[in-house]
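# Descriptive analysis of the structure
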2 protein chains.
Amino acid sequence: MKELYEPLDEETLFIVSQTFKALSDPTRIRILHLLSSGEFSVTEIANRLSLLQSTVSHQLRFLKNLRLVKYRREGTTLYYSYDDEHVLHILEQTIRHARDH
Amino acid sequence: MKELYEPLDEETLFIVSQTFKALSDPTRIRILHLLSSGEFSVTEIANRLSLLQSTVSHQLRFLKNLRLVKYRREGTTLYYSYDDEHVLHILEQTIRHARDH
DNA sequence: AACTTATATGAACATATATTCATATATTGA
DNA sequence: TCAATATATGAATATATGTTCATATAAGTT
C-alpha cells in the first residue's frame, strides 16, 4: 500500500490511539465480540464470559465513553449492544485475519 | 453487522490484542503512518517525528517483534519499512475514519 | 587500531491500566 | 417502606508500558 504522507494532527492521533486502545484489551475484545452477535445484559455478559459483574461494568463504561457501545433499559436490566459499526468491522476483520494465523 | 458468535480461543485473542496494542500508542502510530509512505532510517524517523533515537529504536523493536516492520541494512544504516499490509491498511482506514471526525 | 556514525540495549522512573472488593444507586414488586 | 435484583462506582493494588539516560554494539573509514 502506498499512501501520501501527511503528518497526523493531535486530534486525529488521539482518536485513533483511543480507538485501538479500546481494542487492545482481551476483556474488551471478548465483550465486543460477544456483542457482535446481539444485545446482552451486564449479567449475561459476565456469565457468558466468566467475568465479575464489576469488571464487565467497568469495561462497558470505558466502551460507552468511546461510544463503541450503547444500551437500552428494561426495568432494572440494561441491554448493551454495539454502537460503532466501523470499529466492530475492524475487530471482526482482525479476528478472521488472526485465525488464519 | 450480524456475526455468528464463536468464543475466541486464547491464541486468537492474544494475537488480536497484541495487534491492536501495537496500534494504540501515538508514537507507534506516527512511525507506522510515516512508513506507509516509504522506507526510512532510524535517524530519519527520529528527526521527522522529533523523537529521541532511543525512543524510536525501542518502538521499532516492538513493531519488529510483531512483524509489523522489517529492515534492510546499508552500511551502518538500517532502513525500516512496513511488513504487514493488512495491519497498515487497518491503520490508514481508521485514520481516515477519525479525520471525518 | 582508532575514530566516527548509526543503531541497540538495559536500568530507572513515572504513569497508565485492569481487576478486585466493598459499597452505593436505581428500579421493581410486595 | 422494605426487600430483591441489576448495575455502577470508588479505592486499593498489582502490573504493564513508554520515555529517558547512559552505554554498548556494529559497520565503515582513515
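Residues numbered from 1 in each chain as written. Chains lettered and ligands numbered in written order. Predicted model: local features only at pLDDT ≥ 70, side-chain atom pairs only at ≥ 80, totals over all residues. Heavy atoms only, no water.

Close contacts around DNA strand D come from 24 residues, with T43 and Y80 of chain A together with T27, R28 and S54 of chain B the closest. When the atoms of DNA strand D within 4 Å of the protein are sorted by group, sugar and phosphate make up 66%. Here a phosphate oxygen of DNA strand D sits 3.0 Å away from a polar atom, N or O, in the side chain of K21 of chain B. Sorting elements by how many residues they give to the surface near DNA strand D places helix α4 (residues 53–65) of chain A first, with five residues. The class makeup of the residues in the surface near DNA strand D is four nonpolar, 15 polar and five charged. (Near = heavy atom within 4 Å. Polar contact = N/O pair within 3.5 Å; in protein donor to acceptor, adjacent residues only side chain to side chain. Helix = DSSP H or I, 4+ residues; strand = E, 2+ residues; numbered from the N terminus. Nonpolar A, V, L, I, M, F, W, Y, C, P; charged D, E, K, R; others polar.)

A word on the packing of helix α2 (residues 26–35) of chain B against helix α4 (residues 53–65) of chain B. Residues and elements named next belong to chain B. At a closest axis distance of 10 Å, the pairing of α2 and α4 adopts a crossing angle of 80 degrees. One element, α2, and the other, α4, form an angle in the roughly perpendicular class. Residues T27, R28, I31 and L32 of α2 form the contact with α4, whose own contacting residues are T55, V56, Q59, L60, F62 and L63. (Axes fitted to C-alpha atoms, helices over the stretch in contact; angles between N-to-C directions. Parallel < 35°, antiparallel > 145°, perpendicular 65-115°, else oblique. Contact = heavy atoms within 4.5 Å.)

The next thing to look at is the interface of chain A and chain B. Contacts between the two partners involve 43 residues from chain A and, on the opposite side, 43 residues from chain B. Summed over both sides, the interface between chain A and chain B buries roughly 4100 Å², with carbon and sulfur atoms accounting for 67% of that surface. At the boundary of chain A with chain B, the tally comes to zero salt bridges. At the junction of chain A and chain B, the tally comes to six residue pairs in polar contact (both at pLDDT 80 or more). Looking at the side of chain A that touches chain B, the elements with two or more residues in it are α1 (10–22), α2 (26–35), α3 (42–49) and α5 (85–99) of chain A. Looking at which element gives the most residues to the side of chain A that touches chain B, the answer is α5 of chain A, with 14 residues. The residue makeup of the side of chain A that touches chain B, split by class, is 19 nonpolar, 13 polar and 11 charged. (Buried area = accessible area lost by both parts, 1.4 Å probe. Salt bridge = Lys/Arg side-chain N within 4 Å of Asp/Glu carboxyl O.)

Taken together, the neighbourhood of DNA strand C is formed by 24 residues, with T27, R28 and S54 of chain A together with T43 and Y80 of chain B sitting nearest. A distance of 2.6 Å is found between a phosphate oxygen of DNA strand C and a side-chain nitrogen or oxygen belonging to T27 of chain A. One nitrogen or oxygen atom from the side chain of T55 of chain A is found 3.2 Å from a phosphate oxygen belonging to DNA strand C. Going through the elements one at a time, α2 and α4 of chain A together with α3 (42–49), α4 and β3 (77–82) of chain B are the ones with two or more residues in the surface near DNA strand C. Considering each element in turn, the surface near DNA strand C owes the most residues, five residues, to α4 of chain B. In terms of residue class, the surface near DNA strand C is built from four nonpolar, 15 polar and five charged.

Attention now goes to helix α5 (residues 85–99) of chain B. A rise of 1.5 Å per residue sets the reference length of α5 of chain B, with its 15 residues, at 21 Å; its end C-alpha atoms lie 21 Å apart and thus fit the reference within 8%. Those residues of α5 of chain B that fall on the buried side of the exposure criterion are H86, V87, L88, I90, L91, E92, Q93, T94, I95 and A98 of chain B. Considering only its buried residues, α5 of chain B is in contact with α1 and α5 of chain A together with α1 (10–22), α2 and β3 of chain B. Where α5 of chain B starts, the residue carrying a side-chain oxygen 3.1 Å from the main-chain nitrogen of H86 of chain B turns out to be D84 of chain B. (Expected span 1.5 Å × (residues − 1). Buried < 20%, exposed > 50% of the residue type's maximum accessible area, 1.4 Å probe, protein only.)

What follows concerns the relation of the copies chain A and chain B. When chain A is brought onto chain B, the operation consists of a screw motion whose angular component is 180 degrees and whose axial shift is 0.0 Å, with 0.0 Å RMSD remaining. Such a combination of rotation and displacement between the chain copies is what one expects of a two-fold axis. For chain A, the minimum C-alpha distance to the rotation axis belongs to F20 of chain A and amounts to 2.7 Å. Both copies share a contact surface, since 100% of the interface residues of chain A are interface residues in chain B too. (Least-squares fit on C-alpha atoms with pLDDT ≥ 70 in both.)

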